[in-house]
Amino acid sequence: MSDFFVPRLGHVVWETVPRLGSATRLLLGGLGAVFDRHFSLRQWLRQVFTLGVLSLALMIVAALFTGMVLGFQGYYALVHFGATSALGTLIALSLLRELGPVLTALLFAGRAGSALTAEIGSMKSSEQLAAMEMMAVNPLAWVVAPRLWAGIFVVPILCVIFDLVGIFGGYLVSVPVLGVDGGTFWAQMQSNITLRGDILNGLFKALCFGLVVTWIAVWQGISARPTAEGVGAATTRSVVMASLAVLGLDFILTALLF
Amino acid sequence: MSQRAIDWWVGIFVLLGIAALAVLALRVGNLSGFAYGNGYVLHADFNNVGSLKDRSPVKLGGVTIGEVTHIGMNPKNFRAEVTMQIDPRIKLPIDTGASIYTQGLLGEQYVAIQPGGMPQNLQPGGTITLTQGAVNIDQLIGQMVFDKASGTSSSSGTNTH
Amino acid sequence: MSKNLVEIRGLHFARGERSILAGVDLQVPRGAVVAIMGASGGGKTTLLNLIAGSLAAQRGEVIVAGQSLHRLPTAELYALRRRMGMLFQHSALFTDLSAFENVAFPLRRHFRLPESLLQKLVLMKLEAVGLRGAADLQPAELSGGMARRVALARAVAMDPMLILYDEPFTGLDPISVGIIASRIRRLNDALGASSIVVSHDVRETFSIADYGYILGSGKIIAEGTPAQLQSSTSPLAQQFLQGAPEGPVPFHYPAANSFARDLGLEGAP
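Values in this document were obtained by computation on a predicted structure and should not be read as measured data.

## A few points about the overall build of chain B
In step 1: In terms of regular secondary structure, chain B is built from two helices and eight strands.
In step 2: Start at the N end of chain B and walk to the C end: the helices and strands fall as α-β-β-β-β-β-β-β-β-α.
In step 3: A burial count over chain B gives 25% of its 161 residues as buried.
In step 4: Look at the contacts in chain B between residues 6 or more apart in sequence, and 63% of them connect residues 24 or more apart.

Spelled out as structure tokens, the structure:
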């Protein structure tokens, strides 16, 4: 047993630790490159557009369905206790604290993170990044920094929209369809949700997820093998790693924040 | 996509985010002002408010007519002092009672008003003296078991006055 | 000011255990087009990356314009690169920018020029490669030869003192090869620059180079003007120049066992 596992474990550590180191260097270098003279606000805006605006429709549809399902499931669970008046609170709390940030981040990883990895990977394999360096333009400032900062900026905004649309979806099912009293729905929600404890903490989670997902996506793109297969594999890895990271980090953040 | 179009879209996107946050904060969270801000104030002392909190509804016959704006402790008699704001159209007689009830088994608590029959009305800033505090379910169950064991059946509750 | 723009002395480079360059000495005089030739995998591109400063050598030194690239701070390396241009093997055009914007990219990034002046500069560079008319095309709409020419215009956009070419003829049709070759010479002379052409295309390279080096297994095996190289007595150089399948570089990659044994025709010893 140990003959098999110990060398393997050693190998994994040997491989992973320096990789984590280089990924961290990329993150810090990329975030710090906002101060580089080649950082461009226009590039950042462009990324906010591709990462954020173009993900908006997906988020709204997903949020609407999530909220409606929450409405149904919550209703059937609460009706046994005669506590359907708590349905609004249940929906809002689930969305604001957990489902909003987590689902936004997972969808963002699938929609925007994968595209980021593929884009940067193909820029690397077609020597565009090397060409940039040869033109004395630091790719950290021109390519990495706008994407990292756009990711951090965009995910909380997507999340707050997801939260609101989700609650509206829950309302659509609870009040007109299932016949919960509308006044109770909102009043209960209002008396149990706090701005700081629930809404802002949820958005803080989204901010962390945005950073991690974008970081992983950019890092996978930069370290992809410069071939078509290499970029494809990196794209898959980017989505898988980002999703797992979001779920793991969610556990830690939940334990810390709530 | 021209730079100008991108600027527009990003602007709309950011505004949407801010608007969504504002709606969440005001409509869902509890940042908005009290809904009965123009109502008149009544006080009531309870021996136990249970899990009543700010913004809990005040109901009469199941209809919300006001809300709790403050819960404090009266240092003179060690009773919880609840401040409410009531819809100004609803005038309550001075022998009105107030109880703290729970919606359903696990629902939230609210103040239920039982109007009295006296001709004079409570003035703004007045105090409801006939109060019944929140029922403690543990006590209730304990008492029921005790009653069963002793073969009697008496109603429970913690009436004051 | 020394006679040579680039000087390389005793350069060693290895990737892990594998030695790629083992003691290379090379000079690029100012104003010259210098060819570096050799079989694939001979370390030509590595040498180019060392001159560009994107790789660091383990031993020896690379001096460009009097500055040793060894341990040059990043800021100074970038300052040096603003005076260098490089044409990449796969053109490396930015796929999200038009031909015009590709050429304008280094100018926009390094200078604040009025738009009208920038327009003129970029169109001049595109005109020099005969693609002024293609300014608004996207890279995906350009043929391989045209993309290479746009990339060339971009490489010289900053009027560099040193231009590096990584396999500029690979994958192009004969007409495009001729165009690129003539542009390399013309731009070099017009800009008063020096050029390093890495290639395995003997005929085209010799037609434009002033001086050539033949690189084999990490060492310079022959050097001289094209005429001197053609009459070189080194069997390795001759094999490369004539494209002979057999010679000092064997056709067969060394195998552990004999052919007959691998086919099972001989018993194990």
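## Re the overall build of chain C
In step 1: Regarding its fold elements, chain C presents ten helices and ten strands.
In step 2: Long-range pairs, those at least 24 residues apart, make up 65% of the contacts in chain C with a sequence separation of at least 6.

## A few points about the sheet that holds strand β10 (residues 219-224) of chain C
Residues and elements named next belong to chain C.
In step 1: Across the sheet, which stays open at both edges, the six strands sit in the order β6-β7-β8-β3-β9-β10 with mixed pairing between neighbours. Each having just a single partner strand, β6 (84-87) and β10 make up the two edges of the open sheet. Across the sheet, the mean angle separating the axes of adjacent strands is 15° when strand polarity is ignored.

## Observations regarding the environment of Leu244 of chain A
In step 1: Here Leu244 of chain A lies in helix α9 (residues 228-257).
In step 2: Sequence separation of Leu244 of chain A and Leu106 of chain A is 138 residues, and the distance between their C-alpha atoms is 9.1 Å.

## So, the packing of helix α4 (residues 87-125) of chain A against helix α7 (residues 182-192) of chain A
All names here are of chain A.
In step 1: With their axes 7 Å apart at the nearest point, α4 and α7 run at an angle of 50° to one another. On the basis of the axis angle, α4 is oblique to α7. The crossing of α4 and α7 is right-handed. Contacts between α4 and α7 pair Leu87, Gly88, Thr89 and Ala92 from the former with Phe185, Trp186, Gln188, Met189 and Asn192 from the latter.

## Regarding the interface of chain A and chain C
In step 1: Counting residues at the interface gives eleven residues for chain A and 15 residues for chain C.
In step 2: Looking at the side of chain A that touches chain C residue by residue, the class counts come to six nonpolar, three polar and two charged.

## Quick notes on the sheet that holds strand β3 (residues 63-74) of chain B
Residues and elements named next belong to chain B.
In step 1: Here eight strands make up an open sheet; going across it, the order is β7-β1-β4-β3-β2-β6-β5-β8 and the pairing mixed. Looking along the sheet, the strands with just one partner apiece sit at the ends: β7 (126-128) and β8 (130-132). Going across the sheet, the axis of each strand differs from the next one's by a mean of 30°, ignoring polarity.

## Side note on the interface of chain B and chain A
In step 1: Chain B puts 29 residues into the contact, and the matching count from chain A is 31 residues.
In step 2: Counting residues per element, the side of chain B that touches chain A draws most heavily on helix α1 (residues 3-28) of chain B, at 15 residues.
In step 3: Of the residues belonging to the side of chain B that touches chain A, the class tally is 16 nonpolar, nine polar and four charged.

## With respect to the pairing of strand β2 (residues 18-29) of chain C
Across a regular strand the side chains alternate sides, sitting on one face of the sheet and then on the other.
Residues and elements named next belong to chain C.
In step 1: Examined bridge by bridge, strand β1 (residues 4-15) and β2 share nine bridges and lie antiparallel to one another. Bridge pairing in β2 places Phe13 opposite Leu21.
In step 2: Between β1 and β2, which pair antiparallel in sequence order, lie two residues; one of them, Gly16, sits at a positive phi of approximately 60°.

## Considerations on the confidence of the model for chain C
In step 1: Across chain C, pLDDT averages 88, with 99% of residues at or above 70.
In step 2: Reported for the predicted complex are a pTM of 0.80 and an ipTM of 0.86.

## Observations regarding the nonpolar core
In step 1: Residues Val213 of chain A together with Ile51, Val150, Leu164 and Ile196 of chain C are the most contacted members of the largest nonpolar core, which totals 157 residues.
In step 2: Broken down by element, this core gets its largest block of residues, 23 residues, from helix α6 (residues 139-177) of chain A.
In step 3: For Val213 of chain A, the contacting residues outside a window of four places in its chain are Ala105, Phe108, Ala109, Gly113, Gly151, Ala242 and Val246 of chain A.
In step 4: Grouped together as the second largest cluster of nonpolar side chains are 21 residues, Leu42, Phe46, Val58 and Val68 of chain B included.

## Considering helix α1 (residues 44-52) of chain C
Residue and element names in this part refer to chain C.
In step 1: Burial runs high along α1: seven of the nine residues are buried.
In step 2: All of the buried residues along α1 are Lys44, Thr46, Leu47, Leu48, Leu50, Ile51 and Ala52.
In step 3: Positive phi appears at Gly53, one or two residues downstream of α1, with a value of about 80°.

Criteria and cut-off values
- Residues numbered from 1 in each chain as written.
- Chains lettered and ligands numbered in written order.
- Predicted model: local features only at pLDDT ≥ 70, side-chain atom pairs only at ≥ 80, totals over all residues.
- Helix = DSSP H or I, 4+ residues; strand = E, 2+ residues; numbered from the N terminus.
- Buried ≥ 20, exposed ≤ 12 C-beta atoms within 10 Å, placed from the backbone.
- Contact = placed C-beta atoms within 7 Å.
- Pairing = 2+ DSSP bridges.
- Axes fitted to C-alpha atoms, helices over the stretch in contact; angles between N-to-C directions.
- Parallel < 35°, antiparallel > 145°, perpendicular 65-115°, else oblique.
- Left-handed = near helix turned anticlockwise from the far one by under 90°.
- Nonpolar A, V, L, I, M, F, W, Y, C, P; charged D, E, K, R; others polar.
- pLDDT = per-residue confidence, 0-100.
- Core = buried A, V, L, I, M, F, W, Y, C linked by C-beta atoms within 7 Å.

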